[in-house]
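Working through the structure, step by step
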Amino acid sequence: MTRDILLSIHSLRRFAVLGTVALSLSVPATAAQADALQAKIVATARATPTARYPFRRTLTIERSGAAAKTYVEQFDPRRAAADRWTLVSVDGRAPSAKDIASSRKTKRGPTPSYAQVADWFGAAATRSEVKGGVLYRFARLPKGTLKIGSHDASADTQAEALVNTSGAVPFVEHVRMVSNKSFSVMLVASLKSIVIDQRYRLLPDGNAVPSDATSTLTGAMMGKAGTMRSNTSFSEFRAIP
């Protein structure tokens, strides 16, 4: 995802909306079926426009034994598909021609969006009332929710999701995911743990958007242990008339 110890930067960008510090989730062995609030959240997420807002994304990648790299990118859904992402800067400087060419070749996943919550939030979960909202715990995620290369880590991933119910529009405000089952990546690397922390916020128009995220991946490449951490922030959302 290789210029780094675990995954290439290109692949990391595909799930840079994920992220976090080490967590310890306690998920009950039994889980109830999706409740009314979950169904409402899923419906709202599915209705969230995914191509209405230009925005800016700042991604910082840290890996063992190397200096951190920071990329600033601009997304504009009004442009042709191949030109919607523009590299604005690399480590605070204007991107070089090589940087721009590399960015254009990046294989990107779906555009970061609150709509992606609908892909997994309707799964069986337990719930508990907390101050300002409802906390859902998932013993596993639906197939295809968390993929690293060709490996699907969803069934081995636990999650917590906090729904903010303090306002007129309930929304998933904070998601934390943890997977501690080792697996191989491209035969030469292995991942031992994935920890993800994702936050969302409401815009004035009532739609939720990604706010910030961190992800920590621990493993080894060619027998050398290391950790990769990404920090992502989203800003400057502007609705297209």
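Structure: see above.
In short, a report on the structure. These numbers come from a predicted model, not from an experiment.

What counts as what
Residues numbered from 1 in each chain as written. Predicted model: local features only at pLDDT ≥ 70, side-chain atom pairs only at ≥ 80, totals over all residues. Heavy atoms only, no water. Phe/Tyr/Trp six-rings, centres within 6.5 Å; stacked < 30°, edge-to-face > 60°. Helix = DSSP H or I, 4+ residues; strand = E, 2+ residues; numbered from the N terminus. Buried < 20%, exposed > 50% of the residue type's maximum accessible area, 1.4 Å probe, protein only. Pairing = 2+ DSSP bridges. 1 Å grid on protein atoms, 1.4 Å probe; cavity = no way out; pocket = protein on both sides within 12 Å on 5 of 7 lines; lining within 4 Å. Points joined across faces, edges and corners; volume = space filled by probe spheres on them. Nonpolar A, V, L, I, M, F, W, Y, C, P; charged D, E, K, R; others polar.

Description of the packing of aromatic side chains
In the structure shown here, the tally under the stated rule is 11 aromatic pairs. When the centroid spacing of 5.4 Å and the interplanar angle of 75° are considered together, the rings of Trp120 and Phe138 count as edge-to-face. Here Phe138 lies in strand E5 (residues 133-138) and Trp120 lies in the loop between helix H3 (97-105) and strand E4 (126-130), a separation of 18 residues in the sequence. The class for Phe138 is buried, based on a relative accessible area of 0%. Counting every residue linked through ring pairs, the aromatic cluster contains Tyr53, Phe55, Phe75, Trp85, Phe234 and Phe237.

Here we look at the pairing of strand E9 (residues 171-179)
Burial runs high along E9: 7 of the 9 residues are buried. With 8 bridges connecting them, strand E8 (residues 157-164) and E9 associate as antiparallel partners. Among the inter-strand pairings, Leu162 is bridged to a residue of E9, identified as His174. Between E8 and E9, which pair antiparallel in sequence order, lie 6 residues. As judged from the 6 bridges shared by E9 and strand E11 (residues 189-202), these two strands associate in the antiparallel manner. Paired with Val175 across the two strands is Gln198, which belongs to E11.

Considerations on empty space enclosed by the protein
Taken as a whole, the largest cavity holds about 100 Å³ of empty space. Sort the elements by how many residues they give to the lining of the largest cavity and strand E12 (residues 208-221) lands first, with 3 residues. Across the lining of the largest cavity, the residue classes break down as 10 nonpolar, 4 polar and no charged. Counted as a void, the second largest cavity has a volume near 30 Å³. In terms of lining residues, the second largest cavity is bounded by Thr44, Thr48, Tyr114, Val169, Pro170, Phe171, Leu202, Gly206, Asn207 and Ala208. When the residues that make up the lining of the second largest cavity are grouped by side-chain class, the tally is 6 nonpolar, 4 polar and no charged.

On their own, these measurements won't tell you what the molecule is for.
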